[in-house]
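Structural characterization, general
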Amino acid sequence: MWIKHLLLGFFGLACGLSVASGSFAIAVKLGIIPEMATKSGTAKRIMTYENATILGGITGNILSVFLQIRLPVGHIFLALFGLSAGIFVGCMAVALAEIINAYPIMYRRLKLKMGLEWMLATIAIGKMCGCLFYFLKGFDSGA
């Protein structure tokens, strides 16, 4: 019986590590961490950014495999985590769109010369509203 648990744990960890390495590979390819460090003027702390990213990946992997682990950190931590995760996903989406030049092509086709920042803001607000609707409606509704 313990061999079965050991093998399941090994396969779960191996699959989680492969998915995490793929996520990190795309983040590295998109250059999100160095770009954020450069834009925020904190390029000398790049190792801190990288260590925090690695720690977050390892923690997320462990928490997704071992579902019985509960962290009594409260609603404030949950809100900070949600905000941080949303910012990260937004940065990934914008970086990916920037790499494939999706926004410049769209702006050129729509003949937009002004208001580009407003268009990006409305895309972000729309994404936020969609996520809020999804989470407030509930996961189990099957919508």
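A few points on the structure. (Residues numbered from 1 in each chain as written. Predicted model: local features only at pLDDT ≥ 70, side-chain atom pairs only at ≥ 80, totals over all residues. Heavy atoms only, no water.)

Considering the overall build of the protein
Selection criterion: Only DSSP runs of H or I covering at least 4 residues are called helices, and only runs of E covering at least 2 are called strands; the numbering of each starts at the N terminus. The globule rule is 2.2 Å times the number of residues to the power 0.38, and the radius of gyration it is compared with is taken over C-alpha atoms. Here the term buried applies to any residue with accessible area under 20% of the maximum for its type, exposed to any over 50%, and partly exposed to those in between, with areas from a 1.4 Å probe on protein chains only. Residues are treated as being in contact if the distance between any of their heavy atoms lies within 4.5 Å. The protein chains shown are the only cover counted for residues, whose accessible areas, like all others here, come from Shrake-Rupley with a 1.4 Å probe. Asp and Glu are treated as the negative residues and Lys and Arg as the positive ones, with His and the ends of the chain left uncounted. A charge is said to be at NZ when it belongs to Lys, at CZ for Arg, at CG for Asp and at CD for Glu.
Across its full length, the protein carries six helices and zero strands. For the protein, the sequential pattern of α-helices and β-strands runs α-α-α-α-α-α. Taken over C-alpha atoms, the radius of gyration comes to 19 Å for the protein, far larger than the 15 Å a tight globule of 143 residues would show. The principal-axis extents of the C-alpha atoms in the protein amount to approximately 65 × 45 × 30 Å. Taken over 143 residues, the protein has a buried fraction of 10%. Long-range pairs, those at least 24 residues apart, make up 42% of the contacts in the protein with a sequence separation of at least 6. Accessible area of the protein: about 11,900 Å², with a carbon and sulfur share of 74%. Each charge sign in the protein was given a centre, from 12 positive and 5 negative side chains, and these centres are 5 Å apart.

Thoughts on a nonpolar patch on the surface
Threshold: Patch membership is restricted to residues that have no salt bridge and whose relative accessible area is over 30%. Joining uses 9 Å for like charges and 5 Å for the nonpolar side chains Val, Leu, Ile, Met, Phe, Trp and Tyr. Every case where a carboxyl oxygen of Asp or Glu lies within 4 Å of a side-chain nitrogen of Lys or Arg is listed as a salt bridge.
Taken together, the side chains of Ile-54, Ile-58, Ile-62, Leu-63, Val-65, Phe-66, Ile-69, Leu-71, Val-73, Phe-77, Leu-78 and Phe-81 define a hydrophobic patch exposed on the protein surface, amounting to about 1,100 Å² of accessible area. Those elements that place two or more of their residues in the nonpolar patch are helix H3 (46-65) and helix H4 (74-99). In terms of residues, the nonpolar patch owes the most to one element, H3, which gives five residues. Its location among the elements puts Leu-78 in helix H4. Overall, the relative accessible area of 54% leaves Leu-78 in the exposed class.

Quick word on the nonpolar core
Nonpolar side chains in soluble globular proteins generally cluster together in the buried interior. Note the following rule: Definition used in this section: a nonpolar core is a set of buried Ala, Val, Leu, Ile, Met, Phe, Trp, Tyr and Cys residues joined via side-chain atoms within 4.5 Å.
Ranked by size, the top nonpolar core spans six residues in total: Ala-27, Leu-30, Ile-32, Cys-91, Met-92 and Ala-95. In terms of residue count, H4 provides more of this core than any other element does, three residues in total.

Comments concerning the packing of helix H1 (residues 2-30) against H3
The criterion, for reference: Here an angle of 0 to 180 degrees is reported between the N-to-C directions of two axes, which are lines fitted to C-alpha atoms, with helices fitted over the stretch in contact. Two helices cross in a left-handed way if the nearer one is turned anticlockwise from the farther one by less than a right angle. They cross in a right-handed way if the turn is clockwise. When residues are grouped by polarity, Ala, Val, Leu, Ile, Met, Phe, Trp, Tyr, Cys and Pro land in nonpolar, Asp, Glu, Lys and Arg in charged, and all others, Gly among them, in polar.
Between H1 and H3, the shortest axis-to-axis distance is 10 Å and the interhelical angle comes to 145°. Here H1 runs over H3; the crossing is right-handed. Residue-level contacts link Gly-12, Leu-13, Gly-16, Leu-17 and Phe-24 of H1 to Thr-53, Ile-54, Gly-57, Asn-61 and Val-65 of H3. Here the contact of H1 with H3 is composed, by residue class, of five nonpolar, five polar and no charged.

Quick look at the packing of helix H5 (residues 102-110) against helix H6 (residues 116-137)
Worth spelling out the cut-off: Should an angle fall under 35 degrees it is taken as roughly parallel, and over 145 as roughly antiparallel, whereas 65 to 115 is taken as roughly perpendicular and any remaining angle as oblique.
At their nearest, the axes of H5 and H6 sit 12 Å apart, and the two run at 120° to each other. What the angle tells us is that H5 and H6 run oblique. Crossing of H5 against H6: the hand is right-handed. Between H5, through Tyr-103, Met-106, Tyr-107 and Leu-110, and H6, the contact on the second element is made entirely by Leu-116, Met-119, Leu-120 and Ile-123.

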